[in-house]
Amino acid sequence: QVQLVESGGGLVQPGGSLRLSCTASGRFSSSHMGWFRQPPGKEREFVARIAWNGDIAYYPDSVKGRFTISRDNAKNTVYLQMNSLKPEDTAVYYCAAQRPGYSGYYYSSRAYDYWGQGTQVTVSS
């Protein structure tokens, strides 16, 4: 069993920054971890993914250069630093743990078997 708890969401003005945290209990240090988001009225979408050892990270074009995923395995925590935020970044943000041994697309929600409850990020003036 893995429990994931996100924190750090809130209201921020366009151009501002936020750092999300996701703290895990259970399987973590051996898991690739991802962040997804679900904008209002839209489907959940991939935001970032980091390898178990932090060596490799992936981002979609929509956030590349603005968002950075990182992790601290000693603290069982994965982070999402979000800079230059835009109104279209408004969404509920979720962290997720990738299924062990999964060989499909890392950007698909099917790749992940445990999810946090989500944290709201609102970008508005």
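The following paragraphs examine the structure supplied in this document. Every value quoted in this text rests on a predicted model; they were computed, and no experiment measured them.

What follows concerns the packing of aromatic side chains. Enumeration over the complete set of coordinates arrives at eight aromatic pairs. When the centroid spacing of 5.5 Å and the interplanar angle of 70° are considered together, the rings of F46 and Y106 count as edge-to-face. On the criterion of sequence distance, the pair formed by F46 in strand 5 (residues 45–50) and Y106 in the loop between strand 9 (91–98) and strand 10 (112–115) is long-range, its members being 60 residues apart. When its relative accessible area of 11% is taken as the criterion, F46 is described as buried. Ring centres of Y58 and Y106 lie 4.4 Å apart, and the angle between their planes is 25°; on these two criteria the pair is classed as stacked. Taken together, the positions of Y58 in strand 6 (residues 57–58) and Y106 in the loop between strand 9 and strand 10 put the pair 48 residues apart, joining distant regions of the chain. Note on Y106: relative accessible area 25%, which makes it partly exposed. Each member of the aromatic cluster is reached from another via a ring pair, and the members are F36, F46, Y58, Y105, Y106, Y107, Y112 and W115.

Moving on, we come to the pattern of salt bridges. Enumeration over the complete set of coordinates arrives at five salt bridges. The salt bridge partner of K64 is D61, with a shortest N-O separation of 3.5 Å. For D61, a relative accessible area of 67% gives the class exposed. A network of salt bridges, in which partner residues are shared, links R37, E45, R66 and D89.

Strand order in the open sheet formed by four strands is 1-3-8-7, and the pairing between neighbours is antiparallel. The open sheet terminates on both sides in strands that have one partner only, identified here as strand 1 (2–7) and strand 7 (67–72). In this sheet, adjacent strand axes meet at a mean angle of 15° when their direction is disregarded.

Moving on to the state of the cysteines. Taken as a whole, this structure holds one disulfide when the rule is applied. Each sulfur of the disulfide joining C22 and C95 lies 1.9 Å from the other. Judged by the sign of its S-S torsion, about 45°, the bond between C22 and C95 is right-handed. A residue pair is termed long-range when its members are at least 10 positions apart, and C22 in strand 3 (residues 18–26) and C95 in strand 9 qualify at 73 residues. The exposure class assigned to C22 is buried, which follows from its relative accessible area of 0%.

Cut-off values and rules
- Residues numbered from 1 in each chain as written.
- Predicted model: local features only at pLDDT ≥ 70, side-chain atom pairs only at ≥ 80, totals over all residues.
- Heavy atoms only, no water.
- Phe/Tyr/Trp six-rings, centres within 6.5 Å; stacked < 30°, edge-to-face > 60°.
- Helix = DSSP H or I, 4+ residues; strand = E, 2+ residues; numbered from the N terminus.
- Buried < 20%, exposed > 50% of the residue type's maximum accessible area, 1.4 Å probe, protein only.
- Salt bridge = Lys/Arg side-chain N within 4 Å of Asp/Glu carboxyl O.
- Pairing = 2+ DSSP bridges.
- Axes fitted to C-alpha atoms, helices over the stretch in contact; angles between N-to-C directions.
- Disulfide = S-S within 2.5 Å.

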